[in-house]
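Observations on chain architecture
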Amino acid sequence: MKNSYDHSGVESKWQQRWEEEQLYAADEDSEKEKRYVLDMYPYPSGAGLHVGHVEGYTATDIYTRYLRMRGYNVLHPIGWDAFGLPAENYAVKTGIHPKETTDSSIKNFIEQIKRLGLSYDWSREIGTHTPEYYKWTQWFFLLLYKNNLAYKKDAPVNWDPIDQTVLANEQVLADGTAERSGAVVEKRNMMQWFFKITDYAEALDADLDLVDWPESTITNQRNWIGKSEGAELQFPIVGKETEVITVFTTRPDTLYGATYMVMAPEHPLLDLLKGDITNWNEVAAYVKESASKSDIERSAEGKEKSGVRLEGVMAINPATKEEIPIFIADYVLGHYGTGAIMAVPAHDERDWEFAKKYNCAIREVIERTDAPAPFTGNGILKNSGTCSGMESLQAKSAITEMVGGHMKTTYRLRDWLIGRQRYWGAPIPIVYDPEGNPHPIPEEHLPWLLPTDVDFEPKGYSPLSRSKELHARTEKIFGTGWTPEVDTMDTFVCSSWYFFRFADPHNEQAFASAEQIKKWLPVDLYVGGAEHTVLHLLYARFFTKVLHTLGYISFSEPFLKLRHPGTILAEDGRKMSKSLNNVVNPNDVVDQYGADAVRMYEMFMGPLADMKPWSTQNISGVRRFLEKVWRLQASVGDEANATADSVLHYTVKKVGDDIESQKFNTAISQLMICLNALQSAPLSRAQWSTFIRILAPFAPHMTEELWEKIGEEGSIHSAPWPQYDADAFAQESAPYAVQVNGKVRGTITLKSGVSEQEAIEQAKAVSNVAAYLNGKEIKRTVFVAGRLINFVV
RNA sequence: GCCGGGAUGGUGAAAUCGGUAAACACGCGACACUUAAAAUGUCGUGAGCAUUUGCUCUUGUGGGUUCAAGUCCCACUCCCGGCACCA
């Protein structure tokens, strides 16, 4: 077609030239103000890029290109989250080494990304599976280990029977299935490596106040951390001088209503009381049964609670001095609070239910008017000794103090299990002496290489244990009888610090130099999927806070501003999936419509954060817009299009503002409005130059070609963003709505400086309005400058 | 159950501070160009009534505040995401 725009020729021409010129490399020596714009680096899957990647990457690319034109020194890097299970599972099936599949997937990703014209600084590319990178992942492990933030513990853990590895709590969904494999997770007791993220629970919660993140992401993280303020109280045990039961409660004000106690079946005190418990067989059986169940299984069995009373032992309510019975029940969780509770059946639904079933005493200690029990609200205390008559909120600290307890904050967050019984990950840099004690591998032996002489078949224990090379290496360096740690690290460890590496990707002395970190970090804008709310985004914050406390960095939050692109659904409104055969492949649409059109379409679909369905029909609208732009170059001459000038100035402002707030859909609308205006008459070279420059971040290839065609030197993407003149679009006159009783009855055009009186005068004269006002008394007149006049009759 | 977000034409959506709802597109219809089609261009397009200038209704449902509500308040329905025996 003669008139139409040849996207493939133009796009490949410029992609090649940009690469040769390293046009998008961040400038280390520049004095210009920095900006760090980051995409969540992808897992390089065999399936290649999907349209969801394109959405987020285009958003940051537009923003990045805009910032460069505005004179910022921008860091916009990309890399690969390259360790992980899909490649390893593929290796199990085919025998092809994961490194091979990963590297070929990366190659494919690079090709696809380059075809989209994304302006990454390729000189900073990283891959977490390279020894140069995982050397520092291991260094981070040792840093945490040396600072008592990494420990090994025999603990009940989540076991994924399909992927044959343990998982972090964050990788198990609410329904008890594994986030990755979909398998129902089993509970196992295993010796495992943990990071002590709980040390940072308070900071992780509090510092969410410091960041500009989506509200839902902040709340979800808060929920996960689960901060809860209450009190720790001690209940003596009858006949025991040394032992007490410590409980955590958010309602110390209801202490007088505590008529029994419940401990988790795994509570350590149980062993000490063993000799006094007369029904030990029954108790032991219950403990054994509940130990075999995961938390999910415990709660999945419905709200029907079970428990066993410890016969022969009693506790003492420290407020009433009454002797009260003790139960064990699996609705009390061993890992939360102190693993024991005081039960207040009158004012807690769970305790109420349990008390009804096991015939426990129920005593109301809060005044209330309505009958149905239990009452969980606040109110005036009763039956509470000297505290009766107090307001329950005030009584919290008073009662706590009275019985010698203390106020206490607890968190739901648990430590991060980082060991994996799989091959394709960074080896944990630990060796064991012949007695089995762990020792950190000295830094000079890093990177501690992932051995290659292993079969990948998961057999319920780590494939690295089958590596002869790894064992030989360990003995050679550390001595006979020494053995290597054979678990590898969760890939989320690799991604917890990658954004630091981009600042200084080739440094061999440090994970990144202090100067380069200071120059580039923190990240100014971070864009990526919302599915990482309690995974990557929590872990990366944890690592950052550790570096902060240890004095490596001066800031405590890694990502100042975060945005999530919404899911792109298939044309049928369902999720894209291979099995539904409704996946849109970016390659195909780029072939057909060009990268510029695909980029602009994805931005034009709707607000970045919204879930939106793909529409092949709508992409042709954007393509049509680009063709109109292409044809407009024929109308460029010496004379300006006078009628379009104010629109053009306004568009410069609007597009700039919208890019800064990531409202790309309305920016594109405005560009369309502007084009429609420019088409009305021939336009000047200056107008054309302005228009293609503000279009450049969206359609980088076509605008670069047009820039060259008007004989401009250098790249349009290095050209300055145009200035606008606010006077040019200041309205000399504005249309006013004329309302009678709030209903529009006519419109008039008034000069911008019009007086209220004159406006009212003219409004009354509008014939349709006059008819409505005829013979009626005007009770009130409302005048809103630039908008409307409203007569109330 | 609790927390967060949302619901606007046939479709994707827009609407600074409460101020003419539906911008910009898609689709559809008519016309122009063409032997014809495609492409392109012009006009029209929330619903209904009247068709001439107009009138009535309309932003999930029901109330309220206000001269004026998509926007603020109260109650509810449904959808999406998260958490869920967390004491």
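Residues numbered from 1 in each chain as written. Chains lettered and ligands numbered in written order. Predicted model: local features only at pLDDT ≥ 70, side-chain atom pairs only at ≥ 80, totals over all residues. Heavy atoms only, no water.

What about helix 25 (residues 756-765)?
Since the α-helix packs 3.6 residues into each turn, any two residues three or four apart lie on the same face. For helix 25, the complete set of buried residues consists of Ala 759, Ile 760 and Ala 763. One side of helix 25 holds all its buried residues, which, seen down the axis, span an arc of 100°. More than 90 degrees from the buried face of helix 25, the exposed residues found are Gln 757, Glu 761 and Ala 765. If you follow the buried residues of helix 25, they end up packed against strand 27 (733-740), strand 28 (743-751), helix 26 (767-773), strand 29 (780-784) and strand 30 (788-792). (Buried < 20%, exposed > 50% of the residue type's maximum accessible area, 1.4 Å probe, protein only. Helix = DSSP H or I, 4+ residues; strand = E, 2+ residues; numbered from the N terminus. Arc of directions from axis to C-beta. Contact = heavy atoms within 4.5 Å.)

Looking at the environment of Val 185
Tracing the backbone shows Val 185 in the loop between strand 6 (165-167) and strand 7 (186-195). Here Val 185 falls in the buried class, since its relative accessible area comes to 9%. On a C-alpha basis, the gap between Val 185 and Met 603 in space is 39 Å, while along the polypeptide they are 418 residues apart. Setting aside chain neighbours within four positions, we find Val 185 in contact with Asn 158, Trp 159, Leu 167, Val 172, Gly 176, Thr 177 and Ala 178.

A few points about empty space enclosed by the protein
Applying the stated criterion to the full structure yields one cavity of 30 Å³ or more. Of the voids in this model, the largest cavity is the one considered here, and its volume is about 30 Å³. Along the walls of the largest cavity sit Glu 55, Glu 602, Met 603, Gly 606, Pro 607, Leu 608, Lys 612, Gln 662 and Phe 664, which together make up its complete lining. Among the residues making up the lining of the largest cavity, the classes are represented as four nonpolar, two polar and three charged. (1 Å grid on protein atoms, 1.4 Å probe; cavity = no way out; pocket = protein on both sides within 12 Å on 5 of 7 lines; lining within 4 Å. Points joined across faces, edges and corners; volume = space filled by probe spheres on them. Nonpolar A, V, L, I, M, F, W, Y, C, P; charged D, E, K, R; others polar.)

A look at the protein's contact with RNA strand B
Thr 250, Lys 305, Tyr 336, Arg 350 and Arg 412 are the nearest of the 55 residues found near RNA strand B. Sugar plus phosphate, as a fraction of atoms of RNA strand B within 4 Å of the protein: 66%. Measuring from a phosphate oxygen of RNA strand B, one finds a side-chain N or O atom of Tyr 336 at 2.3 Å. For RNA strand B, a phosphate oxygen lies 2.8 Å from a polar atom in the side chain of Arg 624. Residue composition of the surface near RNA strand B, by class: 22 nonpolar, 20 polar and 13 charged. (Near = heavy atom within 4 Å. Polar contact = N/O pair within 3.5 Å; in protein donor to acceptor, adjacent residues only side chain to side chain.)

Description of the nonpolar core
By size, the foremost hydrophobic cluster in this structure holds 86 residues, and its most contacted members are Phe 141, Phe 195, Trp 416, Tyr 498, Phe 499, Phe 500 and Phe 511. Counting residues per element, this core draws most heavily on helix 5 (residues 131-146), at nine residues. For Phe 511, the residues in contact, after removing those within four places along its chain, are Trp 136, Trp 139, Phe 140, Trp 497, Phe 500, Arg 501, Asp 504, Ile 517, Leu 547 and Tyr 552. Counting 80 residues, the second-largest nonpolar core is a separate cluster that includes Tyr 63, Trp 630, Leu 678 and Trp 688. (Core = buried A, V, L, I, M, F, W, Y, C linked by side-chain atoms within 4.5 Å.)

Things to note about the domain arrangement of chain A
Accessible area lost on assembly of the parts is the figure often given for the size of an interface. Here the domain parsing of chain A yields domain 1 (137-196 + 415-492), domain 2 (228-410) and domain 3 (733-792). Domain 2 and domain 3 are separated by 70 Å when their C-alpha centres are compared. (Domains from an automatic or database assignment.)

Description of the packing of aromatic side chains
For any pair of aromatic rings, the description consists of the separation of the ring centres together with the inter-plane angle of the planes. Counted under the stated rule, the structure contains 55 aromatic pairs. Relative to Phe 511, the ring of Trp 497 has its centre 6.4 Å away and its plane inclined at 85°; by these criteria the two rings are edge-to-face. Of this pair, Trp 497 sits in the loop between helix 14 (491-494) and helix 15 (498-501) while Phe 511 is found in the loop between helix 15 and helix 16 (514-520), placing the two residues 14 residues apart along the sequence. By the burial criterion, Trp 497 is buried, and Phe 511 matches it. Here the aromatic rings of Phe 499 and Phe 500 are separated by 4.8 Å at their centres, their planes lie at 35°, and the arrangement is tilted. Residues Phe 499 and Phe 500 agree in their burial class; the two are buried. The residue whose ring lies beneath Arg 412 is Trp 224, and the NZ or CZ to ring-centre distance is 4.4 Å. Geometry around Trp 520 places Lys 519 over its ring, the cationic atom sitting 5.4 Å from the centre. (Phe/Tyr/Trp six-rings, centres within 6.5 Å; stacked < 30°, edge-to-face > 60°. Lys NZ or Arg CZ within 6 Å of the ring centre and 35° of its normal.)

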